[in-house]
Each structure stands twice: as C-alpha cells, then as structure tokens.
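Secondary and tertiary structure notes
Here's the letter readout for the chains.
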Amino acid sequence: MYIVVVLLLGLGSINSQNNMLFFAFGLALAGALVSGIISGGILMNLQLERLPPRVGSVGAPLHVGYIVRNRSRWLPAFAVGLQEVPRRRRRAERAGELAVMPVPRAFVAGVGTGAETRVESIVVPVRRGLHTFHAIRASTSFPLGITRKSVTFVGETDAPAARCVIRPEIVPITSDFIRRAVSAASEGERSSPAVGMGDEFFSIREYVPGDNARQIAWRPSARSGTLLVRENAARSPMRVWVALVPTPGGAPGGEIDRMNERAISLAASIIARASEDGAEVGLAAPLCGIAVNPRGGVRHAERLLDMLAALDLSKMDVSEGAGFPHTARSAAWIVVHAGERRPPRAPARAVFVSAARPESVLNLSNLGGSPTWR
Amino acid sequence: MALSLVNSFPRWLSLTCALGVLAFFVADENALVGALAILLVVVARALTKDEAHGVLPQWLLNLLVLAAAAWTAMAAVDQPENFVEALATLCAWVQVVKFYERPTPRNHAQLLTLSVFTVIAALLTSNSLPVGLMTVIYVPVAMWTILLFQIHAGLRGPAAPRQFPAAPAPPGAEAAKGLRRVTLGASVVMALMGVVVYLVIPRGLGSDLINDWSSPGVGTAIGFNEQVVLGRSGELEDNDTAVLDLAVFDEAGRNIGAASRAFLLRGAALDDYDASIGVWRRTQANSQSRPLGTNTMDRLADITRAPEMEQRITIRNKTNNYLFAMFRPVRISFDRDTDLVVAPRDLTLMMPRRGGRVSYTVFSQVDYTAPRPVVVSERQPAIFQEGAIRDLAVELMSEAGFERDPAVWHDPNDRLIANLFERWLRTNFQYSTVMTAPTENEDPIEMFLFRTREGHCEYFASAMAALVAVGYRASEFNEIAGHYIVRQSHAHSWVEAHVADGLWDTFDPSPPDGVNQVAAAPSGLAGRVREIYDAIDHAWVTWVVGFDESTRSRLFGVPQGNQYRLMDNVGRFMSMGSGALLSRIVRSLAFGVLVFCVVAAAGFALRAGARWLRSRKPRAHRGVGESDEPDPAILAQLGFYKRSLARLRRMGLGKPRWRPPLAHAMGIAAKSEGASDAMRTLSELYYAARFGRRALTSEELSHAEAALRRLEEIEAATPQGAR
C-alpha cells in the first residue's frame, strides 16, 4: 500500500506540478529508504541468547527468557519482535504430530547502544512432550512501519539443541485419595524397623532424663520397680505403584488419544500427590515397557514425570506378554486406565481410576480452562 | 524502556491528527471548522477512560462515518472540481469520529494513515505559507508519533512483554534520548532527500501526456470581476488577502517601486453601459490567440520611442481569464508555455486555459505618443447622448471655455477636457466605501452626481463616462521584498479616455486621499510585522511554490526546452533506425551498469575503510590487567594441539567447538581409551602453555610428540569404516 501511495504521490505531483507534492514525494521515497536502512541496521547489530527452561507442565505458564544485546554504538534498537522458529521438517515427519506449545513470542521495546536487556515470553504448553528450541527470528518494522525485516538466529550446528520437557498436566487430586487407595489395598503401610512416631510397639527401655513423661510405661515400670519408657516403631512410608494402561491405537488428536492423555495426566497427578504425601511412588506402564520401583523423594517423582512426558504411545506393545511387574515388597496399586473397561490381569486389590470417569479422583468443574481436561 | 515515554503516545497521536486536520482546514480557509474538529478531539481524549472502552457505542460511530461518507458523495456530485477537498474533509471528520472509538493499535494505525492523507490533501488544496509552515512542523511530529506507535503497538500486542534489564536499569531519559536521536536523524535525511527530489525532478515532465498542467494556486482565488455593477447597497468588503505581486523596473533595470508611488494594473476595459440595470460591460471584440513558448517575448502592439516599464507580475491564484498590466502593454513573456489571447482593439490580455499560480513579465509604455491612427469603429466609448449627465458635462465645459461637439470623434482639447473632468470629480466629491442604492427609476450615476455626491471608485470612473478600466491599484510597497503586494481590497476602477488620434490615456478621477486611506497598510509595529510576514510570504511564493523549470534550469545549468515532453521522446525513439536504436539502448545499459559498479565500489570501499578504522582502534580488555595474547614463542610450541585435533577428526572423534579440550578427552574414553589418554596428555600440556603462559620444556615437548605418535598408531589401527 505504501508503494501505491508513493506512486500516486509521484503521478499527482507531475500532474498538478505542485511543488509541495514534489517535496512530499521525495519525503515518501526517503521514508522507504530510511526505514529499510534503520531496521536493517538494528537487526544486524543484535545478539541474541536464549535462556530456555528445562522443564514445564501442560497448563502451567512456561517462561522462555532471551537476552538481547545491541552491539551498535550509535543506533539504539527499538520495537524488535522475537519469535521461535521450529526446525523445518518434511511433511511426512510432521504428519500426525501436534504442537506441544504455542510459538513463544517476545517483544523488546528498546535496547540502548551497547546495552543489553532481558525479555521473557510466557507460553502455556498444551501438550506433553519434548520441545526442541531451534532458531529465533528477530523482526522489526521500526521506524516507520513500512517494511518488516527479520533475521533468524540459529544455534551452532554442533552444539546440543536446547530442549524442554513438558510434563503432563498436574490436576488437583482429592486430598485423601492416596490414603484411601492405600487403605483399600491394606498393603501399603507398614512399620519400619526403627524407632519413630508410629503407633506400633517397638521396645521398652529404661527412662533417661529428658524422655517425655507420656512415654513412660507405667505397668512395666511398676512391675520392674524402675521407670521404663515405651518406644514405638517409625511409620514406614506408603508404597504406591501407579500403573498406566493407555488404549492402543488412535490418531493424534482423536478421541482415543485424548483419553490417553487424560490418563497420563491422572497418573502424573497421582504421582505428584503421592510424593507430596511422603509416599514412595513407582510407575508401571506395561504396554510401554516401563517399570520403575517405588522410591521416595522429589527427584524420583520428577524422574517419573519426565518419563511420562516422553512416553511415546505409538510404540505400545500390545502382545500378551506385557503384564504388570511383580514386586517383592508389598505396595498399593493404583491403576489408571484410559478406557472405561478395567484392564485385565491387574494386581489384586488394585484401585482403578478411569480417565473417562475420573469423578472419584478429581473435581471436573474446576478444570474448565485445562488444555487436557476441557 | 521508560513507561512514561510510551504512555505519551496517545497525546502525540492527538497532536499529530490535530495538526493534520488544522493544516487542511487552513488550506481550505475554514480555520473555524478546523478548530471545532480539534475541540472535539480534545473532548474525546478527556472522556477516554481506559483502553478497553470507547467513548461512544460502535453503532453510533459507524452511523456518523456513513453520514460523513454520504455527505462527501453528494458534495462530489455537486461540485466535481472540489472532489479532493470533499474527500479530505471526510478524512478529517472520520479522524474525529475514530477518537471516540476504543483505542486499539489498529485504530491508531488508521488514524495515522488518515492524518497523512489529510496533509497531502492540504498540499493539494493550497501551497500558502501557513500550510507550508504547518507541513514543516507536521513532518517531525508525525515521525515521532509513528516511531512511538511501533513501540506502543508492540507493548500491547500478543507478545506483550515482561522486560527488565539484565544490567542496572537505564534511566528513562536515555531511552527518550535514543528515540529522539533516531527521529531527528531520520527526519533530517528524509527532509534532505525531499529537497533533492524537489530540486532535481524536471517540471513539466510528461505535460503533453498526462494533462495540460498548471500550477496550483496560493491562497484565495483572485476576486476580479470584469463587470461593474452600480446601485448596490452596503459597504465594500475590505479583504486583505494578497492576490498578486508586482515589481516594477525602469529601462535601466532599476526597481522604481516606492511606498509613495502607485501603479494601475488594468484587467479589462468596459465600454458598454446598460443604464437600465446600471452595469458596465465589455463588448465582444476580435481577439487573437497566440501560443507562446517559455520565456519567449511576444510583441503585443506598436512600440514607440517612449520609455518602457518592466513589470514582473505573479498572480497567486488565477481563476478567471484576465491578465493584468499597466496600459499600454507592448511586450509580454511567460514562465512557461502559454496560450495568450490578445484583443487588439483595447489590448486586453487574457489567458483562458491556465489557472493557479501564473508568473509573467510585461513591458508597458505609459507615456507614449500615438503610434498610428485609430479606426473610429475599433474602440467606442460609452456616450450619454442626452440627459442630465450630458447637460452637466456641457455646463462644465462651458464654464471652462470649451465647446465640443459630441458627435465628433476627436477634438484637440480632449486631453484638457478629460483633465477638467478628473479634477472636478476629485475636488467636488467624497470617496466612500459605503454604497447607497438608488431610488426607483434613478440612474446610479445620476444619483452619485446629483444626490449623494459620494461613492467609491466605480462611481467616479462611471461619472467620467468614457471607458471604465477595471483592475488593481498597486500602492502597498514592501521595502523588504522590493515589490508591491496587491490585495483584494486594492481592486480599483479608473478611466481611459481618447485624448488624441489613436491615443488613449489613463485618468483616475477618484480622490487620491480617499483611495489611499482605504488602501493604507497598517502602521507602527503591526505594519512592520505585516511587512516582514509579507516579505517571507513573497519569498515562499517565489522560491518554493514558484520554483519552476526556468529556475531549475538556471540552478543546474540545463538548457530549458521540450526535452522532457514524454511523447516527443517516445516519438524520437520510434523514429530511430534499428541500428541507432540498438546503439542507444546499449549505450544506456552500459551507462547504467557503469553507474551501478561505481556506486557498489564506493559502498564496498566505505565498508572496508570502516572496518580498517575499527581494527586500528585499541580494543578494551575486560577484567584483565594485561593483554590476553600469549607470547608468540609459546604459541609456536602448540602446533601439536592442532595436529591432534586433526587426527581426532579423521578418526571420527572430532572435538565440537563448544566443548573444552580436557572434557572432550574424557568424553571420548568410551569410544577409544587410548585416544582418550593421549588426548588428555596433550590437553594438559596445551593448558599449561596456553593459559599457564609458560614455555614447555623439552621433556614436555617429547611427551607431546609421543602422545601424537600414539594417536597416529590408533588412527592407523582403526578400520576406515569405523571412523
């Protein structure tokens, strides 16, 4: 449109021989030239560095930071838009894939000469998976908005690509679900061979100053004639296996895929909740060949979540041999399945949770804005 | 980025649009309407609370825009010649309406675009000094606003940022300073380029192809009326608008203008009086059309030995056919090709086809003897054969001792009689701008002569009952500019009388004191200020608005002619033989390539020069008290390291640039333990020399050679496919 206006100005000035229009025509031509030079100069003097996040979650804001440096000594940079550019792949490679998150964009209002600034892009991932950051496109139409120029910053070819693991969406599980599941299994909770604050008797010993008076065992003390205190055994943490049984088949974005993703989200939420409650959590996905023994700690739980994030449902093993792992130590089993029917050959006294009917576990009315559950 | 800077964008947008709207309405001479529009914009700004809501509902705003568009369509149909003005008015009012909308970036972009179009329309409408000044102010303001808009729109776009500096926050003043620098630099460059285009583009380019081009007018259209209508009531309008500029030179080229000296510039000579309606008209006369080339002097009449006065005249906005000059014009030339129409009977000069700004030079012989006998039928004055006016004329002549037969065309005492009548009218009547309507059946001239005994110049001229000449009286001389400024209020009527055989002379029976009082320029400080403004305005009209092909040719030393007529050039090309045409094309192409190479070479040379200059500047070293460059003697010892990297590459164990040497040595252990050991040794020696800044001993160098030999053996032992 600008070119059309310039041409009309030129024709109009020749037609009318209006000297001020000649001047305006010159201004318009100069505008295009100046705009191109300044915008190009801004971009050529920019240095970009990405501060990629390592981990994110579906439905939770993900902050992607950028450090923008302006190397120019005389030209400040203004109004620069940043946008992530995915790697070019063939259509066959892209077919069937869904984007993990919207394209991160950021805007740099201004960077002075020789200065640097940091900007953030906040995106909300919509799908679990592994996101690889490839290149960043910086563009600007400063100063006059006539043309938009862009420069693409690509990382060094032999440097490892920046990756971000997008974990499944963590949704609020009802507060006593883990305990109910463990109670139902009545296998999860045991006492440990150590003194602690549990309820089970561990031993009797002599009283030493400083012991709590409530610990005094009066009857044994009366019998023995010396003050004796009762020691209880420590509670052994709950051991919970979370088993994930997705439904085979289903194209990405279809109904089966949607239910599978809900099941994964449920499994992840249960793992996170159990870990918060201090339980030892393990993960089993028989059809995907995953079996990780229950362990405690935040790092173990995060490792399980990362495994769920990277789970590739297209490589499920639907052969007869894929069964639930047998464990030496007892634990409660929570089987999360995508379909309505319970999977066969599940461990005894397992608690079943269906992604199609999760009402027993979570409150759907609170999840209107959830990418997985809406 | 200082938030206050970006938050000032709405104010700057309002200012930009207000300037654009005002510029147009000033050009359209409707400043009050412009002020009203700006007031509405101010009200809209005051009522806008936030960016989420507009002041008025959208349906109402759409209705207002539709109404404005409908009005524009009707105006365009009514007066197609004013289409540009109607369209610009629509743009201006749409801008006002849009200020009542929700302030979104899209809305802002539309406002800026409309504002630019409005200013362009202002330039199309008028090139007057106020419009020019407003344009000069508008350009940098609009630039600043557009720059702010880029930032403002981005901050409210989908990538709305959270931005914070990695370094300590730069103060807001720095961001504003940077933006001002860019604005100033860009404005200066754009203005310079605008001036270059303004100077370089040939005027009249394609005039034969596109249109019969004419120069746009400056200011009010000249209000000259070729009829004199007597018998109106009211008061003469005192309009100060400048309509033409006049510089007068004698034969020696001296400027003979002065505040005490007035000149009469005749437009038309009216020779027919219709007493029933009190109107003087010009009867149709044979006229000759003469096409004149640029700066070609055309002879209009017989030239005698009387001295000539050169008049350089610029009509600022010509809208009728007449040209103005002192009587008796003998030669004329124009600033560009013109079709001149001359009536030989009374030497009335006309230019029917050109409008707008017109400049020409005319030579007149004011005091001249009769060049030749005149045919009686050529130019007949109006004659009052009977009635009170005739009786009064006879009575006056008798009192002065003249006896004249009205049927005789020429009498030797005609000049004396004309002087008598002129003197009598000047001394016995009052000059007044108040117009009195005659009673029923009363002739206006008789009313003037016998009843009111006062009136303006048209009555005085009519009373002499010869030929009424209408035009302008140039009396306001600008000392600074050295020329006369003729205004609308200087319109005047006087008399041309036949005083000898073939000789017509000019008489002005209006009392000079009365005329001077009406035409007097303000005195004192106001007069001085006006004089300075008029001088600037004249310079503006002459050098900016009036910059034409002749001036451009003089500036660049290019001969003026028809070389820029497109069709002529096309015709010349078409008539060329194929050989000559091919040769011409090849020469043109070669010239173009040569120019391209020269410009490209200059660019590369500049770039290389800049790089060389940068390389000569000492580089700042961060955090290091001494140069980071190692001793060249130490560097010379480290050839083993490069050789080891080459070997690893050939073995398929190449080190990535981002990975430190020692880390890489440990990293390849899984693939080749021997290579890893060797590389570890080499890396440690490399670190010691490169970063420890010490020369390696001969023993260490032998260790390095041994490690290299081990690598060579491993490479030799590794099968080709495994690398």
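Summary of the structure given here.

Definitions and cut-offs
Residues numbered from 1 in each chain as written. Chains lettered and ligands numbered in written order. Predicted model: local features only at pLDDT ≥ 70, side-chain atom pairs only at ≥ 80, totals over all residues. Heavy atoms only, no water. Helix = DSSP H or I, 4+ residues; strand = E, 2+ residues; numbered from the N terminus. Buried < 20%, exposed > 50% of the residue type's maximum accessible area, 1.4 Å probe, protein only. Axes fitted to C-alpha atoms, helices over the stretch in contact; angles between N-to-C directions. Parallel < 35°, antiparallel > 145°, perpendicular 65-115°, else oblique. Left-handed = near helix turned anticlockwise from the far one by under 90°. Contact = heavy atoms within 4.5 Å. Nonpolar A, V, L, I, M, F, W, Y, C, P; charged D, E, K, R; others polar. Pairing = 2+ DSSP bridges. Patch = residues over 30% accessible without salt bridge, like charges linked within 9 Å, V, L, I, M, F, W, Y side chains within 5 Å. Areas by Shrake-Rupley, 256 points an atom, 1.4 Å probe, with all protein chains shown as cover. Salt bridge = Lys/Arg side-chain N within 4 Å of Asp/Glu carboxyl O. Core = buried A, V, L, I, M, F, W, Y, C linked by side-chain atoms within 4.5 Å. Polar contact = N/O pair within 3.5 Å; in protein donor to acceptor, adjacent residues only side chain to side chain. Right-handed = clockwise from strand over helix to strand, strands pointing away. Phe/Tyr/Trp six-rings, centres within 6.5 Å; stacked < 30°, edge-to-face > 60°. Lys NZ or Arg CZ within 6 Å of the ring centre and 35° of its normal.

Across its full length, chain A holds 7 helices and 17 strands. Burial status across chain A gives 49% buried among its 374 residues.

Cis geometry is adopted by the peptide bond preceding Pro143(A), which originates at Phe142(A) and carries an omega value of 10 degrees. By the secondary structure assignment, Pro143(A) is in the loop between strand E8 (135–140) and strand E9 (149–154). One non-glycine residue with positive phi stands out, namely Ala79(A), at about 50 degrees. Of note, Ala79(A) is situated in strand E4 (residues 77–85). Residues other than glycine seldom take positive phi values, yet Arg453(B) does so here, at roughly 55 degrees.

Quick look at the packing of helix H5 (residues 83–98) of chain B against helix H6 (residues 105–125) of chain B now. The angle between the axes and the distance between the axes are what describe a pair of packed helices. All names here are of chain B. Close contact between H5 and H6 brings their axes to 9 Å; oriented N to C, the two are set at 150 degrees. Here H6 runs roughly antiparallel to H5, going by the angle between their axes. Our pair here, H5 against H6, has a crossing hand that is left-handed. Facing Val84, Glu85, Ala88, Cys91, Ala92, Val94, Gln95 and Lys98 of H5, the residues of H6 in contact are Asn107, Gln110, Leu111, Leu114, Ser115, Phe117, Thr118, Ala121, Leu124 and Thr125. Grouping the amino acids of the contact of H5 with H6 by side-chain chemistry returns 10 nonpolar, 6 polar and 2 charged.

Right, let's get into the sheet that holds strand E2 (residues 228–229) of chain B. All names here are of chain B. Here we have 3 strands laid out as an open sheet, ordered E2-E7-E6, and antiparallel in their pairing. Two strands close off the open sheet at either side, each with one partner strand: E2 and strand E6 (272–274). Here E2 runs beside strand E7 (residues 279–281); their pairing, made up of 2 bridges, is antiparallel. Bridge assignment links Val228 to a residue of E7, and that residue is Trp280.

Taken together, the side chains of Leu36(B), Leu39(B), Leu40(B), Val43(B) and Leu47(B) make up a nonpolar region of the molecular surface, amounting to roughly 400 Å² of accessible area. The residue Leu40(B) is located in helix H3 (residues 31–47) in this model.

This part covers the nonpolar core. In this structure, Ile38(A), Val68(A), Val80(A), Leu82(A), Phe142(A), Ile151(B) and Leu179(B) are the most contacted members of the largest nonpolar core, which totals 102 residues. Those residues in contact with Phe142(A) that sit more than four places away from it in its chain are Ser35(A), Ile38(A), Ser39(A), Ile42(A), Phe78(A), Ala79(A), Leu147(B), Gln150(B), Leu179(B) and Val182(B). The next biggest cluster of nonpolar side chains, apart from the first, holds 53 residues, and it includes Ile270(A), Ala284(A), Ala332(A) and Leu362(A).

All names here are of chain B. Topologically, Gln311 is positioned in strand E10 (residues 309–318). The class of Gln311 is buried, set by a relative accessible area of 0%. Polar contacts involving the side chain of Gln311 include one to the main-chain carbonyl oxygen of Met309, which spans 3.2 Å. Among the polar contacts made by the side chain of Gln311, one reaches the main-chain amide nitrogen of Met326 at a distance of 2.8 Å. Apart from residues lying up to four places away in sequence, Gln311 is in contact with Leu246, Ala247, Leu265, Ala325, Met326, Tyr360, Thr361, Val362, Phe363 and Ser364.

This part is about the pattern of salt bridges. For the coordinates displayed, the defined rule picks out 33 salt bridges over all chains. Among the salt bridges present, the one from Asp274(B) reaches Arg281(B), with a minimum N-O distance of 3.3 Å. You can call Asp274(B) partly exposed: its relative accessible area is 22%. With relative accessibility at 29%, the residue Arg281(B) sits in the partly exposed group. Arg451(B) is the salt-bridge partner of Glu442(B), the closest N and O atoms lying 3.0 Å from each other. Among the residues examined, Arg451(B) registers a relative accessible area of 42% and is labelled partly exposed. Linked by salt bridges that have partners in common, Arg127(A), Arg128(A), Asp257(A) and Glu261(A) make up one network.

Moving on to the pairing of strand E13 (residues 239–245) of chain A. The side chains of a regular strand alternate between the sheet's two faces. Residues and elements named next belong to chain A. Of all the 7 residues making up E13, 7 are buried; the element is thus mostly covered by neighbouring parts of the structure. The alternating pattern of E13 places Arg239, Trp241, Ala243 and Val245 on one face and Val240, Val242 and Leu244 on the opposite face, and all of these are buried. One ladder, built from 5 bridges, connects E13 with strand E14 (residues 280–285); its direction is parallel. Its bridge partner lying in E14, Arg239 is registered against Glu280. Traced from E13 through helix H6 (residues 255–276) to E14, the parallel crossover comes out right-handed.

The geometry of an aromatic ring pair is captured by two quantities: the separation of the ring centres and the angle between the planes. Residues and elements named next belong to chain B. Scanning the entire structure with this criterion turns up 19 aromatic pairs over all chains. With 5.2 Å between their ring centres and 65 degrees between their planes, Phe24 and Phe25 make a pair best called edge-to-face. With a relative accessible area of 2%, Phe25 lands in the buried category. Taken together, the ring pairs in this structure connect Trp424, Phe429, Tyr431, Phe448, Tyr459 and Phe460 into an aromatic cluster. Lying across the ring of Phe363, Arg331 places its NZ or CZ 4.1 Å from the centre.

All names here are of chain B. Helix H10 (residues 414–428) packs onto helix H9 (residues 388–399) with a crossing angle of 105 degrees between their chain directions and a minimal axis gap of 11 Å. Judged by the angle between their axes, H9 and H10 are roughly perpendicular. In this structure, H9 uses Leu392, Ala393, Leu396 and Met397 to contact H10, whose residues at the interface are Ile417, Leu420, Phe421 and Trp424. Its residues assigned to classes, the contact of H9 with H10 shows 8 nonpolar, no polar and no charged.

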